[in-house]
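Residue strings, one per chain:
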Amino acid sequence: MRSRRAIGILVCIFILSGSTCYAQISVDEALSKFVSAGIAYKEGRYDEAISRYNEILNAGRESGPLYYNLGNSYFKKGDIGNTALNYVRAKKFIPRDSDLTFNERYVRSQIDQYGNGINLNIIESALERFILLYTIDEMVIILVSLLISIGVVLIFSLYFRWRSQWRQGVLSILVMIFVVFVTGLMAKVQYEKNLAVIMNKTDSYFEPRTDSTVHFKLSEGMKIRVLKTEGNWTKIQRLDGKIGWIDAEMAEKI
Amino acid sequence: MGNYFKKFRLSQVLWALIAIVNLTPSFGFAQDISIEAEVSSKTVTLGSAIRFTITVNGESNIAPIQFPAMEGFNVEYLGPTTRMSFVNGQKSSSKSFAYSLFPLKEGQFEIPTINVVVSGRTYTLRPIPIEVGTGGTPAGSSPPDKSATIQDKLFVVLKVPKNTVYINEPMPIKIMLFDSGPFTRNVNMPEMNNIGFTMEEYQKPQQYQQVINGVRHQIVEFNNTIYPTREGELRLGPVKLNCNIVVTDANSNSRLGPGGSAFNDDFFNSFFNRQTTRLMVLESESVAINVLPLPAEGRPVDFSGAVGQYDFNVSVSPDRVKVGDPITLRMTVIGKGNLSVTEMPKFPLDAEFKLYDPQIFEKDNIKKMDQVLIPQSENIKEVPALQFSYFDPQLKKYRTLTKGPFPIEVLKLEEGEEFKVVGLEGGSWNIIPEVLGEDIVFIKMNPGKLHLKGEFIYNSRMLYALISLIILAWAGIFMYLKRTHRIKTDIVYARRLQAPRQAKQGLERAQKLIVSGRKKEFYDALFKTAQSYLGNKLHLSSGAVTFETAQSFLKTRNIEEKVITDIKAIFEECDMIRYASAEIDKERMQKSYQLLAQSIDYLERYLK
């Protein structure tokens, strides 16, 4: 009896230990700061709005609208790098929000683009659109639902003696969707893991030294992929495929 | 006159003057650096330009030299030229700065003193006299009453038909460019100071020639119409006109001297002289315009604000409709005037019509308005008369044009018919192009779910526990159903599956019979249990199972001989007790029971 209770307690600790002790302010406190930041923004006190929004973030709470509003505040201050960074972070939470999509496009139109742009084939382009359509949590929920659905369909088909073709057809469709979402989830995790935004206009070098040859330019607010970091230098890849080294402080991971 | 002019050219076109100016450095003499100033000609005629070059020898890293203001000339910087040479291993370099000097009037002028700073030292270039003559008069000959200027040859005039107009009265204007040489090219559209006036777009200019005071002028004429928008003394203009003029460089290409050769004449000069274009901004005089207010006397109540001469037409169609059907009323105003500020007549609101918003079209000197009227009653007999009032500046009085009334027939609706609500049939929307503002969308007032950083479903352990549970439940249910289904469909499997259970029940019953001491029933139960178990396990008919039938199957399944012997013993003992009475005690019964239980246990483990 004692051992059963001990196992139960261990299971509970295991499950609950996922939620780390991050919270320094309550939801109500965060909400209060959010509202006061909104009022400051309305009245054109953008510095104060930025400060309030950052207080919420520093206290360990985050949300899509919070990053969106912070991005707007930085935009009003003319800080394109931080604007782009916060819009990308907001996209992790509210990827289909039309206001965010509009603002992100507007800000992107103000960022200098170098090179010949990004050339994606049809599959890459479709995958990119797909992974940007859902949050990781949404993908996980869909995958769990698909897992349950596959089980239910299998059990129903056995219980109600479905025809073998029917069962195979339905299960094939569900498994196919499942595979697509698993692939998308993996791609999305990889995409978000390496994504970063350039905070200030800078040059990228062939080698991690300032006396090295400048390879290409990077503009403020441009999205890049971080390949690795060595000391104060980060190896990055521009979205058109060009690879170079930049000062690690010039890029901020999302 | 022509010969005289030729002589003038021959005598005045000197050596291409190289004025190596004595340099007077302010602070000592630079050993390696020297500065030269060169002018292509010391004489020039209006309409030609001379080239002035400053050359710095021994230094090439110099910023362009600022040319000081020069009276009577328009100065244009042409650009630098750098020369480098190696002679006997010695490197020498020089940099030249060229300027084009274009005379604006006749007379004696001089290129002023120019200070040049090179490597921290200042060098001073002495003034150079320049003589400017007109194209037809030798410079320095008998002085004319007034010095000729470039403006005498090239000028712009703003012409208005009268200096007193009424407010909003259309007034045609002309902007004329007179050019008697140098010839203009690429004349831009005029820019006019027109505060207090509105104006239309300039039309394509007309070009023609005209002889004025014995001189042939090339004329470019721009026409437009202006409308005064406020009363009082206003000034129209000046007009600025940007154009390029063709300038001949007065480059005395002959270096043979005044004695000259056969090449030193006008033909060869014009052949070798270089022609360039030069931007010129011409400005006209402004014109005073007195703008009068419209008279208050006789002003109609419905005065539309139109000033000019107009015609007014109205059409109504169809003239036979049912109640609720649309009638299109079209008003057209044609005339010379500022139509954009002219209001169209308003349809009386007290008439028994339902009105839709009018559609207004304007093109050239025609303004149209289409309005849809819906008659509300069959008692309507006419569309009322419409009036258009305007002020005629020629007659200096107001005029009113009246059209209508227009008789129409409105039919009563038949039973079941309803009012139609329609728009402008066949008309097009008056879509006005607009320029949208650009900015970001406003912030959000709802923060959404403010969760802890890193608190995502995908990294929660609850998720993994849930997934494990789902998979386990899913596998468990699947296996159960699969087993149930097999039991129903596979009789061999079903019998094998129920063999131990039935055996267990039989053994339990036998155990009870041992306790109660009922020997016969005990062995009967023991026999049936063995028979039923082997029948189920070997898929044989239970009633037909004897030791002999079971033995052959057991041997093929590699069952130990001892077990087969035990089973044989059980069968024999059961037969013996069941069919012949024998003294059996409980101990023996228990032994038989144990034997069967052990045999079944063994077969459960090894009989596959």
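First, a word on scope: everything that follows refers to the structure included in this document. Computed from a predicted model, the values in this text were never measured in an experiment. (Residues numbered from 1 in each chain as written. Chains lettered and ligands numbered in written order. Predicted model: local features only at pLDDT ≥ 70, side-chain atom pairs only at ≥ 80, totals over all residues. Heavy atoms only, no water.)

1. What about the overall build of chain B?
Thinking step 1. The helix and strand inventory of chain B stands at 9 helices and 33 strands.
Thinking step 2. Of all 608 residues assigned to chain B, the portion counted as buried reaches 41%.
Thinking step 3. Relative to all contacts within chain B whose residues are 6 or more apart in sequence, the contacts with residues 24 or more apart total 71%.
Thinking step 4. As presented, chain B carries roughly 35000 Å² of accessible surface, and 52% of it is formed by carbon and sulfur atoms. (Helix = DSSP H or I, 4+ residues; strand = E, 2+ residues; numbered from the N terminus. Buried < 20%, exposed > 50% of the residue type's maximum accessible area, 1.4 Å probe, protein only. Contact = heavy atoms within 4.5 Å. Areas by Shrake-Rupley, 256 points an atom, 1.4 Å probe, with all protein chains shown as cover.)

2. Quick look at the sheet that holds strand β2 (residues 43–45) of chain B
Residue and element names in this part refer to chain B.
Thinking step 1. Taken in spatial order, the 3 strands of this open sheet run β2-β9-β6, and their pairing is mixed. Each having just a single partner strand, β2 and β6 (107–111) make up the two edges of the open sheet. Going across the sheet, the axis of each strand differs from the next one's by a mean of 30 degrees, ignoring polarity.
Thinking step 2. Here 5 bridges tie β6 to strand β9 (residues 128–133), and the two strands are oriented antiparallel to one another. (Pairing = 2+ DSSP bridges. Axes fitted to C-alpha atoms, helices over the stretch in contact; angles between N-to-C directions.)

3. Points about the side chain of T83(A)
Thinking step 1. Position of T83(A) relative to the elements: it lies in helix α5 (residues 80–91).
Thinking step 2. Discounting residues that sit within four places of it in the chain, T83(A) has contacts with G71(A), Y74(A), F75(A) and V107(A).

4. Describing the interface of chain B and chain A
Thinking step 1. Taken together, the contacts link 33 residues of chain B with 51 residues of chain A.
Thinking step 2. Interface area for chain B against chain A, summed over the two sides, is near 4000 Å², with a carbon-plus-sulfur share of 72%.
Thinking step 3. Summed over the three residues of chain B that lose the most area to chain A, namely K444(B), L450(B) and K453(B), the buried surface amounts to 20% of that side.
Thinking step 4. Remark: the boundary between chain B and chain A carries 3 salt bridges. (Buried area = accessible area lost by both parts, 1.4 Å probe. Salt bridge = Lys/Arg side-chain N within 4 Å of Asp/Glu carboxyl O.)

5. What to know about the packing of aromatic side chains
Thinking step 1. For the structure on display, the rule yields 31 aromatic pairs over all chains.
Thinking step 2. Considering the side-chain rings of F456(B) and Y458(B), the 5.1 Å spacing of their centres and the 20 degrees angle between planes classify their relative orientation as stacked.
Thinking step 3. For F456(B), a relative accessible area of 16% gives the class buried.
Thinking step 4. Taking the centre distance of 4.9 Å and the plane angle of 80 degrees together, the rings of F522(B) and Y523(B) count as edge-to-face.
Thinking step 5. Its guanidinium or amino end placed over the ring of Y68(A), K444(B) lies 4.8 Å from that ring's centre, counting from NZ or CZ.
Thinking step 6. We note R486(B) situated over the ring of Y493(B); from NZ or CZ to the ring centre the distance is 4.0 Å. (Phe/Tyr/Trp six-rings, centres within 6.5 Å; stacked < 30°, edge-to-face > 60°. Lys NZ or Arg CZ within 6 Å of the ring centre and 35° of its normal.)

6. Comments concerning the packing of helix α4 (residues 64–76) of chain A against α5(A)
Residues and elements named next belong to chain A.
Thinking step 1. Here α4 crosses α5 at 165 degrees, and the two axes come no closer than 8 Å. With respect to their mutual orientation, α4 and α5 come out roughly antiparallel. Like other packed secondary-structure pairs, α4 and α5 cross with a definite hand, here left-handed. Here α4 contributes G64, Y67, Y68, L70, G71, N72, Y74 and F75 to the contact with α5, which in turn contributes I80, N82, T83, N86, Y87, R89 and A90.
Thinking step 2. Classifying every residue of the contact of α4 with α5 by side-chain character gives 8 nonpolar, 6 polar and 1 charged. (Parallel < 35°, antiparallel > 145°, perpendicular 65-115°, else oblique. Left-handed = near helix turned anticlockwise from the far one by under 90°. Nonpolar A, V, L, I, M, F, W, Y, C, P; charged D, E, K, R; others polar.)

7. As for the sheet that holds strand β18 (residues 232–236) of chain B
Residue and element names in this part refer to chain B.
Thinking step 1. Strand order in the open sheet made by the 3 strands is β11-β21-β18, with mixed pairing throughout. Looking at which strands have only one partner, the edges of the open sheet turn out to be β11 (164–166) and β18. Each neighbouring strand pair of the sheet contributes to a mean axis angle of 35 degrees, computed without reference to strand direction.
Thinking step 2. Pairing geometry for β11 and strand β21 (residues 287–292), over 3 bridges, is parallel.

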